[in-house]
Amino acid sequence: LMMLTRKLIEVRNILKTVDHESDSLTLPSIVVIGSQSSGKSSVLEAIVGHEFLPKGSNMVTRRPIELTLIHTPKSTANGGKTPVEYGEFPGMGTGRITDFGQIQKTLFDLNMAVPAEECVSDSPIELRIHSPHVPDLTMIDLPGYVQISSMDQPEQLREKISGLCEKYIQEPNIILAVCAADVDLANSPALRASRKVDPLGLRTIGVITKMDLVAPEIGSGLLSNNKYPLALGYVGVVCKTGMLSRFRSGGHDAHGEGNIGSSVTKQENDFFSANREHFKAPTRGRNAGVEPMTGTDTLRRRLMSVLEESMGSSLHTIANAVRMELEEASYQFKVQYNDRAISAESYVAETMDSLKLRFKDFATHFGKPEVRQLLKQALDDKVMDILAQLYWTDPRVKELGQLADDRKITPETLDRYWQHKLDASSSALTKSGVGRASTQLVVDAIRTQIEHLAQTEPFNHHPEAAERILAFSSAILRERFGLTADQVENCVKPFKYEVEVEPREWEAGRGRSVALVERELAMCDDALSRLKKAIGGRRLKGAMEYVAELEERDRRRAAARLKAVREAREGGSEQQAEQPQQDDDQSDPLRPDYNSALLIKAREARFLQNRSDVLQARMRSLQSKRCKTSPDSKAFCPEAFLNVVADKLTYTAVLFINIELVSEFLYQFPREIDSRLVYDLQREDLLKFARENPGVRRHLDLQSRKEKLGEAMGKLEALQAIYEERGGNARGG
Ligand code: GDP
């Protein structure tokens with residue numbers, strides 16, 4: 001029958017990992033409570049047969065320790081080479097620990113990791129001990145009740161511990177109430193707590209420790225179960241920590257699989273044999289013929305049978321509960337996921353594949369033509385800026401149009417002014433750091449795209465992975481940047497000295513510049529008409545005229561002042577220079593309805609008007625016979641020439657950026673995904689990654705819940721079958 005407890009402990013451990021809302025999925029365990037120093041640890045260690053619990057004066061048990069004892073047969077399959085006695089902390093990946101001192105240290109560290117201000121934590125430590133000397137049991141060790149509050153054990157701690165214990169001593173758990181023989185049972189906080197939840201003591205076993213500290217007749221009186229009766233009775237023990245020495249009574253292990261080695265201390269044995277007559281079954285009274293329960297071995301057997309009975313009576317109920325939960329989980333899994341199973345691995349693989357696929361899509365749309373368009377547009381803008389700065393604001397620009405129309409003027413006889421202007425414009429373009437600027441532009445475009453990839457579903461759930469993607473992308477780009485920029489800069493170098501233009505190139509450039517100037521003109525006119533619309537044509541016109549007047553007046557004043565300064569310098573009189581005699585217009589220039597906001601708009605409108613006029617003139621010039629004829633007319637048509645230069649720069653830049661940067665990036669990125677995102681991941685990283693996605697997490701959770709419930713169900717059904725065959729009592733308790 002030992003098998004039942006053992007199998008149900010397995011089921012219990014499976015069910016514990018199923019995240020369930022109802023308590024109906026809980027199988028009973030033995031919960032050990034008692035006040036500090038009542039001898040709780042000593043009892044537990046006597047049962048296990050090893051010292052393994054943390055010791056110390058300062059509250060060393062701060063978390064529940066969920067102890068699963070697993071009885072292992074003595075001889076093992078591989079010739080006794082595998083350790084038969086060891087502990088393990090499931091979920092911590094410590095593996096088998098054969099040194100119980102090491103277990104003790106680990107438990108100590110885990111407990112001490114609870115910060116002092118928290119006092120106790122209700123997150124349990126799981127510990128499994130495999131040994132031929134232990135029975136199959138599950139026990140939960142809880143922090144000891146605090147008797148007296150003091151400086152380092154405040155009231156708050158006391159309440160926290162009671163709360164924690166109360167949580168654990170609920171049904172269906174069995175309560176092991178530890179009381180010291182030398183302390184009045186009336187003062188035992190363990191018994192008091194137990195009575196609250198189990199008034200008849202139906203699931204409470206009393207353990208009286210330190211029997212050696214009281215006179216044997218008093219001790220046996222405590223065990224007689226008179227004062228605070230418990231249905232499961234009291235067991236008296238002597239098990240002093242540090243005196244643990246195992247000796248096995250002969251042939252104990254030969255009694256079949258249920259029997260385990262004894263770990264009674266010599267002290268305990270000596271004590272009870274020396275006082276045998278006090279612990280005999282009384283001949284008279286209520287307990288006549290019933291021998292009081294004494295000794296650690298008795299306690300273990302008692303625990304085994306109580307747990308087994310409790311588990312047995314839970315079998316039917318728990319099987320029903322698990323069946324219902326399993327049906328619900330299966331139904332949900334079918335409805336929500338159409339029974340589709342996933343794993344962390346499959347999710348990671350899918351995610352990376354889709355990332356690569358989306359990257360590939362980007363790559364096919366980011367070839368030479370796209371890079372070219374990107375750069376050309378930037379350079380076109382630059383050209384327009386240069387033209388605006390050097391030509392369109394030049395008061396003489398209208399002259400240039402007339403010169404172009406004048407047939408007598410040749411490029412050679414054209415005013416040098418225009419030739420210099422052209423050279424300056426060309427330099428402004430070719431010497432503007434095309435290498436860095438164009439590389440930067442492409443780098444930015446790629447980065448933007450990668451940022452986008454790293455933000456789209458499902459990477460929005462995986463900030464760490466997204467971060468990594470950006471990091472390695474940036475690393476590749478950074479590595480290629482300098483080289484690419486230098487290459488481009490080197491290759492555009494000749495254009496800094498001379499740009500040769502073929503007639504075909506000229507015509508193409510002229511065509512493009514016409515389009516650009518046209519677009520500029522359209523924008524200009526558009527802005528102007530918007531202003532007109534907002535302010536009213538007539539009102540704007542009036543304001544513009546007024547602004548023109550003001551400007552004219554300012555111009556005249558400035559001229560007068562200049563003249564005066566000159567005269568003063570020549571005539572030696574300084575007063576005159578300071579005070580221009582009179583203004584030609586003394587009338588108040590501010591008309592009441594022209595506020596400053598309107599005047600700002602009017603100035604803007606005048607600028608736009610002027611720009612529009614210039615652009616129209618330039619359009620005519622670009623369309624003129626001279627501009628159409630040949631590249632020789634470049635000084636007359638700077639727009640066309642600069643466009644050709646920009647085109648040549650673009651061509652060169654694209655060539656090298658494509659080789660040095662884009663192709664490299666497109667090649668390396670998918671490989672980096674594999675090496676930095678996938679190969680790096682350990683099994684638990686994969687799981688962590690997959691679980692970052694809430695949808696996937698729900699899917700995995702439901703799936704694992706279904707699997708675990710299925711596993712538990714399988715075991716329970718097998719147990720039920722055995723029970724029914726034997727006609728055993730699997731009925732509800
Ligand atoms: P816990 O704080 O409840 O875990 O108590 P411990 O097991 O650490 O025991 C408290 C003290 O009582 C220790 O000094 C033990 O050596 C001592 N002790 C425990 N059991 C016995 C016993 O049966 N007899 C005697 N004399 N001392 C005991």
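Our subject is the structure listed above.
Computed from a predicted model, the values in this text were never measured in an experiment.

Draft legend 1. Representation of the pairing of strand 6 (residues 174-180). Across the seven residues that make up strand 6, a large majority, seven, are buried. Sheet topology note: the strand 1 (residues 30-34)/strand 6 ladder contains five bridges and is parallel. By the bridge assignment, glycine 34 is partnered in strand 6 with valine 178. Pairing of strand 6 with strand 7 (residues 204-209) involves six bridges; the strand directions are parallel. Across the sheet, residue cysteine 179 finds its bridge partner in strand 7, namely isoleucine 208. Following the chain from strand 6 across helix 5 (residues 189-197) to the adjacent parallel strand 7, one finds a crossover that is right-handed.

Draft legend 2. Spatial organisation of the packing of helix 9 (residues 344-364) against helix 21 (residues 638-678). Relative orientation of the contacting elements helix 9 and helix 21 amounts to 170°, with a least axis distance of 11 Å. Our classification of the angle between helix 9 and helix 21 gives roughly antiparallel. Each of Met352, Leu355, Lys356, Phe359, Phe362 and Ala363 in helix 9 lies in contact with helix 21, whose residues at this interface are Phe665, Leu666, Phe669, Pro670, Ile673, Asp674, Leu677 and Val678. Classifying every residue of the contact of helix 9 with helix 21 by side-chain character gives 12 nonpolar, no polar and two charged.

Draft legend 3. Structural view of the site of the ligand. The ligand sits among 15 residues. The nearest are Ser37, Lys40, Ser41, Ser42 and Asp212. Within the backbone of glycine 39, one N or O atom sits 2.9 Å away from an oxygen atom of the ligand. Contact distances for the ligand include 3.2 Å between an oxygen atom and a backbone N or O atom of lysine 210. When its residues are assigned to classes, the shell around the ligand shows three nonpolar, eight polar and four charged.

Draft legend 4. Inspection of the packing of aromatic side chains at higher detail. Here the structure, examined in full by the defined rule, presents 13 aromatic pairs. When the centroid spacing of 4.9 Å and the interplanar angle of 85° are considered together, the rings of tyrosine 417 and tryptophan 418 count as edge-to-face. Relative accessible area serves as the criterion here: at 29%, tyrosine 417 is assigned to the partly exposed category. Of the aromatic side chains, those joined through ring pairs into one cluster are Phe359, Phe362, Phe366, Phe472, Phe665 and Phe669.

Draft legend 5. Summary view of helix 9. For helix 9, with 21 residues, the first-to-last C-alpha span of 30 Å sits near the 30 Å given by 1.5 Å per residue. Buried within helix 9 we find Ala344, Tyr347, Val348, Thr351, Met352, Leu355, Phe359, Phe362 and Ala363. Along the long axis of helix 9, the arc covered by the buried residues comes to 150°, so they all point the same way. Exposed residues on helix 9 whose side chains face more than 90 degrees from its buried face are Leu357, Lys360 and Thr364. If you follow the buried residues of helix 9, they end up packed against helix 13 (434-455), helix 14 (463-491), helix 21, helix 22 (683-692) and helix 23 (694-726).

Draft legend 6. Spotlight on the nonpolar core. Judged by nonpolar contacts, the single largest core of 100 residues is most densely connected at Leu429, Val442 and Ile657. The dominant element in this core, judged by the number of residues it contributes, is helix 21, at 17 residues. Discounting residues that sit within four places of it in the chain, leucine 429 has contacts with Leu379, Lys382, Val383, Ile386, Val434, Leu642, Val645, Ala646 and Leu649. Listed in part, the 64 residues of the second largest apolar core include Ile30, Val32, Val237 and Leu709.

Draft legend 7. Spotlight on the state of the cysteines. Summed over all chains, the structure comprises one disulfide. Across the disulfide, cysteine 627 is cross-linked to cysteine 637 (sulfur-sulfur distance 1.3 Å). The sign of the S-S torsion, about -80°, decides the handedness of the disulfide formed by cysteine 627 and cysteine 637: left-handed. Taken as a pair, cysteine 627 in helix 20 (residues 625-629) and cysteine 637 in the loop between helix 20 and helix 21 lie far apart in primary sequence, 10 residues in all. Among the residues examined, cysteine 627 registers a relative accessible area of 0% and is labelled buried. Relative accessible area serves as the criterion here: at 0%, cysteine 637 is assigned to the buried category.

The rules behind the values
Residues numbered from 1 in each chain as written. Predicted model: local features only at pLDDT ≥ 70, side-chain atom pairs only at ≥ 80, totals over all residues. Heavy atoms only, no water. Buried < 20%, exposed > 50% of the residue type's maximum accessible area, 1.4 Å probe, protein only. Helix = DSSP H or I, 4+ residues; strand = E, 2+ residues; numbered from the N terminus. Pairing = 2+ DSSP bridges. Right-handed = clockwise from strand over helix to strand, strands pointing away. Axes fitted to C-alpha atoms, helices over the stretch in contact; angles between N-to-C directions. Parallel < 35°, antiparallel > 145°, perpendicular 65-115°, else oblique. Contact = heavy atoms within 4.5 Å. Nonpolar A, V, L, I, M, F, W, Y, C, P; charged D, E, K, R; others polar. Near = heavy atom within 4 Å. Polar contact = N/O pair within 3.5 Å; in protein donor to acceptor, adjacent residues only side chain to side chain. Phe/Tyr/Trp six-rings, centres within 6.5 Å; stacked < 30°, edge-to-face > 60°. Expected span 1.5 Å × (residues − 1). Arc of directions from axis to C-beta. Core = buried A, V, L, I, M, F, W, Y, C linked by side-chain atoms within 4.5 Å. Disulfide = S-S within 2.5 Å.

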